[in-house]
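Coordinates in review
Below are the chains, spelled out letter by letter.
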Amino acid sequence: MTGRFITFEGGEGVGKTTQVSLLADELSARGLSVKVTREPGGEVVGEHIRSLLKSFSSHMDPLCEALLVFGARRDHFVKLIKPMLENDVFVICDRFYDSSLVYQGVLKNVSTEDIMLMKKMVLGDFEPDLTVVLDLDPEVSMGRLSTRSLNLDAYDCMQKGEHEVIRNGFRKTAEVFSFRSVLIDASGSPARVFSRIMGAVQPLLPPMTARRAAAG
Ligand code: TYD
């Protein structure tokens, strides 16, 4: 596969969505083909599973939830991610399987062994080229969430303790998958966070793109 697959991870309110779109704009401005997608979701089946999870997650058996997330991931991978990468596209994905390890694994006690078994079935040896893990003090991320619209979903309404568990879970995945992960301090302005992210993305860019950026 000749494209590049960049995933963003982190708890609620850490600024993933903003940073995903800043990165997409930057890469497009450099003349690269870019596709932004998200999990659960991406394709029709995945988006349906996403709304199911968002509405009924609190009533669901954790293993059922994990299986649904991985079902959505399989469809997303086969129909969108893989073909795009085969066509030289930079695919930027808002969450990927590290989120399953944290939300279904750490938070809901599905074993790491079971999650990695599902990962193997669905993705084989496939891994992101880069995972940007946004790390932020829950006090700050919860403050950001409280300024969002009233349309907060079940995941956004979690208590501080859970936000801390999630933060530590992602710090752990960044460590375990250090060969593909970079832990980014998500505090400060979006522009400052983005410049930290670009430092990590730069080595993935084609040489001409990198040189132009350095000159300009
Ligand atoms: P999120 O990415 O935060 O988007 P939004 O901005 O719409 O809230 O929401 C997706 C939720 O899905 C997130 O809270 C975590 C959950 N999720 C899992 O539980 N497991 C997974 O594997 C993935 C990818 C997401």
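So, a few notes on the structure that sits alongside this text. (Residues numbered from 1 in each chain as written. Predicted model: local features only at pLDDT ≥ 70, side-chain atom pairs only at ≥ 80, totals over all residues. Heavy atoms only, no water.)

Some remarks on the sheet that holds strand β1 (residues 4-9)
Put simply, the rule is: Pairing between two strands is assigned when DSSP locates at least 2 bridges connecting them. Segments assigned H or I by DSSP are reported as helices when at least four residues long, segments assigned E as strands when at least two residues long, and all are numbered from the N terminus. Here the axes come from fitting lines to C-alpha atoms, over the contacting stretch only for helices, and the angles between their N-to-C directions go from 0 to 180 degrees.
Taken in spatial order, the five strands make up an open sheet running β2-β3-β1-β4-β5, and their pairing is parallel. Two strands lie at the open edges of the sheet, namely β2 (34-38) and β5 (181-185), each paired on one side alone. The sheet shows a mean angle of 20 degrees between the axes of neighbouring strands, direction not considered. With four bridges joining them, β1 and strand β4 (residues 130-135) adopt parallel strand pairing. If you follow F8 over to β4, its bridge partner there is V132.

So, the packing of helix α6 (residues 138-146) against helix α7 (residues 160-176)
Going by this rule: Working definition: roughly parallel below 35 degrees, roughly antiparallel above 145 degrees, roughly perpendicular at 65 to 115 degrees, and oblique for all remaining angles. Rotating anticlockwise by less than a right angle from the far helix to the near helix defines a left-handed crossing, while the corresponding clockwise rotation defines a right-handed one. Only heavy atoms enter the contact rule, under which two residues are in contact if any of them lie within 4.5 Å. The nonpolar class holds Ala, Val, Leu, Ile, Met, Phe, Trp, Tyr, Cys and Pro. Asp, Glu, Lys and Arg form the charged class, and all remaining residues, Gly among them, are polar.
Axis separation between α6 and α7 bottoms out at 10 Å; the angle between their running directions is 120 degrees. Relative to α7, the element α6 lies oblique. The two elements α6 and α7 cross, and the hand of that crossing is right-handed. In this structure, α6 uses P138, E139, M142 and L145 to contact α7, whose residues at the interface are K160, H163, E164 and R167. Looking at the contact of α6 with α7, its residues break down into three nonpolar, one polar and four charged.

Examining α7
Each α-helix winds once per 3.6 residues, and so residues spaced three or four apart point in a common direction. Definition in use: What a helix should span is 1.5 Å times the count of its residues minus one.
An ideal rise of 1.5 Å per residue puts 24 Å on 17 residues; α7 measures up with 24 Å between its terminal C-alpha atoms. Where the residues of α7 are buried, they touch β1, α4 (97-107), β4, α6 and β5.

What about the environment of I115?
Within the secondary structure layout, I115 lies in helix α5 (residues 112-123). Each C-alpha atom of the pair I115 and V201 lies 28 Å from the other, and the pair is 86 residues apart in sequence. Aside from chain neighbours lying at most four places away, what touches I115 is F70, S100, L101, Q104, G105 and V110.

Description of the pattern of salt bridges
The condition that has to hold: Any carboxyl oxygen of Asp or Glu within 4 Å of a side-chain nitrogen of Lys or Arg constitutes a salt bridge here. Note on classification: 1.4 Å probe, protein chains only; a residue is buried when its accessible area is under 20% of the maximum for its type, exposed when over 50%, partly exposed between these limits.
For the coordinates displayed, the defined rule picks out 16 salt bridges. Among the ionic pairs, D98 bridges to R180, the shortest N-O distance being 2.9 Å. Of this pair, D98 sits in helix α4 while R180 sits in the loop between α7 and β5; the two residues are 82 residues apart in sequence, bridging distant segments of the chain. Residue class for D98 comes out buried when judged on its relative accessible area of 2%. For R180, a relative accessible area of 3% corresponds to the buried category. Between R180 and E127 there is a salt bridge, and its shortest N-O distance comes to 2.7 Å. In this pair, R180 is assigned in the loop between α7 and β5 and E127 in the loop between α5 and β4, connecting sequence segments 53 residues apart. One salt-bridge network, in which partners are shared between bridges, spans D98, K119, E127 and R180.

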